[in-house]
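Inside the fold
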Amino acid sequence: MNLIEYLHEKYIFGHRVRALTRGIEKLLPHQCQLLDVGCGDGLIASRIAKSRPDLSIEGIDVLVREKTFIPVTAFDGETMPFGDNSFDVLMFVDVLHHTQNPEALLCEARRVSRGIIIIKDHNCDGYLANATLRFMDRVGNQRFGVDLPYSYLSKKSWNILFREYDFEIDSYTQRIGLYPALLKPFFERSLHFLVRLKTHKKVNRLSKYAEKI
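What you see is a predicted model, and the numbers here were worked out from it, not measured in a lab.

It is worth spelling out the overall build of the protein at this point. When helices and strands are counted, the protein shows seven helices and seven strands. Secondary structure elements in the protein, listed N-terminal to C-terminal, are α-β-α-β-β-β-α-β-α-α-β-α-β-α. Burial analysis of the protein (213 residues in total) assigns 48% to the buried set. If you sum the accessible surface of the protein, you get close to 10900 Å²; carbon and sulfur atoms cover 53% of it.

The structure is reproduced here in structure tokens:
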């Protein structure tokens, strides 16, 4: 761990976890079954579970770490090892920009969820946005062996993607409070969003993504 990573761990990481826990738990229905996709060690999900004991939570990830805070199942990064409509809610916390094919995961999310998907990710808009996001990704993830394809989308591109897969934006905010006040102008800005998506359409196993391939 280098100096920048140490400072991130000591002064930013905990602040980020608390902010995401507060933001996400407000979006979760009572007594829902939640799947945390790309959960890492499951720390955020475990914090949510502590403040919301009515929830049932498990995770999946491509890299299952030796120590996890929630039960974690391995998967290939595209096909989720669950049947249709297995969970009330699926959650992606800074996951979709780590994959070359976010469409595949969104398609699977429609299939596996019963109608609600929560996403925390980035908007790559504005001056030096791409460079800032790359820096944050390297500091937060590189030492854990997380793949860093830097697949950032603009807010407009996210909205197009949501419409393509028939998602309705039910709740959206860019005011998450991930960083201490002094760092917000540099690393928060409009670079982050938290959205709750809903779909009311019956999900077919043969999805738009499947038709493309």
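This part covers the packing of aromatic side chains. In total, this model carries seven aromatic pairs according to the counting rule given. With 5.0 Å between their ring centres and 85° between their planes, Phe82 and Phe87 make a pair best called edge-to-face. Judged by its relative accessible area of 19%, Phe82 falls in the buried class. Where Tyr150 meets Tyr152, the ring centres are 6.1 Å apart and the plane angle is 45°; that geometry is what we call tilted. Overall, Tyr152 belongs to the buried group, its relative accessible area being 11%. One aromatic cluster is present, built from ring pairs that chain together Trp158, Phe162, Tyr172 and Phe193. A cation sits over an aromatic face here: Arg110 above Phe167, 5.9 Å from the ring centre.

Positive phi, normally seen in glycine, also occurs at Leu128, with a value near 60°. For Leu128, the position within the fold is in the loop between β5 (113-122) and α4 (129-141). Phi is positive for Arg189, which is not a glycine, with a value near 45°. Along the chain, Arg189 turns up in the loop between α6 (184-187) and β7 (192-198).

What counts, and where the lines are drawn
- Residues numbered from 1 in each chain as written.
- Predicted model: local features only at pLDDT ≥ 70, side-chain atom pairs only at ≥ 80, totals over all residues.
- Heavy atoms only, no water.
- Helix = DSSP H or I, 4+ residues; strand = E, 2+ residues; numbered from the N terminus.
- Buried < 20%, exposed > 50% of the residue type's maximum accessible area, 1.4 Å probe, protein only.
- Areas by Shrake-Rupley, 256 points an atom, 1.4 Å probe, with all protein chains shown as cover.
- Phe/Tyr/Trp six-rings, centres within 6.5 Å; stacked < 30°, edge-to-face > 60°.
- Lys NZ or Arg CZ within 6 Å of the ring centre and 35° of its normal.

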